[in-house]
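Residues per chain, in single letters:
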Amino acid sequence: MPKMKTHRGAAKRFKKTGTGLFTRAQANKSHILEKKSPKRKRQLRGTILVDKTQQKMIKKLLPYI
């Protein structure tokens, strides 16, 4: 059986935590920022955990990370 390839697009977007879960950046922070309030933009700055329903799929995309 050949080695599995890492999905490079996913590798750039997700990081693994110490407990084996994945984190991601929040959406809506790349453009059309003028109409968004400073509070909203500030709260979008951080990272959040990927939803538990998606964790299994991300794990398949990133087998060695």
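The coordinates are above.
This text gives an overview of the structure that appears in the document.

What counts, and at which threshold
Residues numbered from 1 in each chain as written. Predicted model: local features only at pLDDT ≥ 70, side-chain atom pairs only at ≥ 80, totals over all residues. Heavy atoms only, no water. Pairing = 2+ DSSP bridges. Helix = DSSP H or I, 4+ residues; strand = E, 2+ residues; numbered from the N terminus. Axes fitted to C-alpha atoms, helices over the stretch in contact; angles between N-to-C directions. Core = buried A, V, L, I, M, F, W, Y, C linked by side-chain atoms within 4.5 Å. Buried < 20%, exposed > 50% of the residue type's maximum accessible area, 1.4 Å probe, protein only. Contact = heavy atoms within 4.5 Å.

## Observations concerning the sheet that holds strand 2 (residues 22–25)
For step 1, the next point in the chain: Taking strand neighbours across the sheet as the criterion, the 3 strands line up as 1-2-3 in an open arrangement whose pairing is antiparallel. Lying at the two open borders of the sheet, with one neighbouring strand each, are strand 1 (14–16) and strand 3 (47–49). Strand-to-strand, the axes of this sheet are offset by a mean angle of 35 degrees, without reference to chain direction.
For step 2, the next point in the chain: Bridge analysis of strand 2 against strand 3 gives 3 bridges, and the strand direction is antiparallel. Bridge pairing links T23 to L49 in strand 3.

## A short note on the nonpolar core
For step 1, the next point in the chain: Ranked by size, the top nonpolar core spans 7 residues in total: A10, A11, F14, F22, V50, I58 and L62.
For step 2, the next point in the chain: Residues contacting L62, with those up to four places away along its chain left out, are T6, H7, A10, A11, F14 and F22.

## Notes on the side chain of T23
For step 1, the next point in the chain: Relative to the assigned elements, T23 resides in strand 2.
For step 2, the next point in the chain: Residue class for T23 comes out buried when judged on its relative accessible area of 18%.
For step 3, the next point in the chain: Aside from chain neighbours lying at most four places away, what touches T23 is R13, F14, K15, T17, I48, L49 and V50.

## Quick look at the environment of K36
For step 1, the next point in the chain: With respect to the helices and strands, K36 occurs in the loop between strand 2 and helix 2 (38–43).
For step 2, the next point in the chain: Apart from the residues lying within four places of it in its own chain, the contact partners of K36 are N28, H31 and K41.

## A look at unusual backbone geometry
For step 1, the next point in the chain: Although it is not a glycine, N28 adopts a positive phi angle of roughly 70 degrees.
For step 2, the next point in the chain: If you trace the backbone, N28 turns up in the loop between strand 2 and helix 2.
For step 3, the next point in the chain: For I32, which is not a glycine, the phi torsion comes out positive at approximately 55 degrees.
For step 4, the next point in the chain: Topologically, I32 is positioned in the loop between strand 2 and helix 2.

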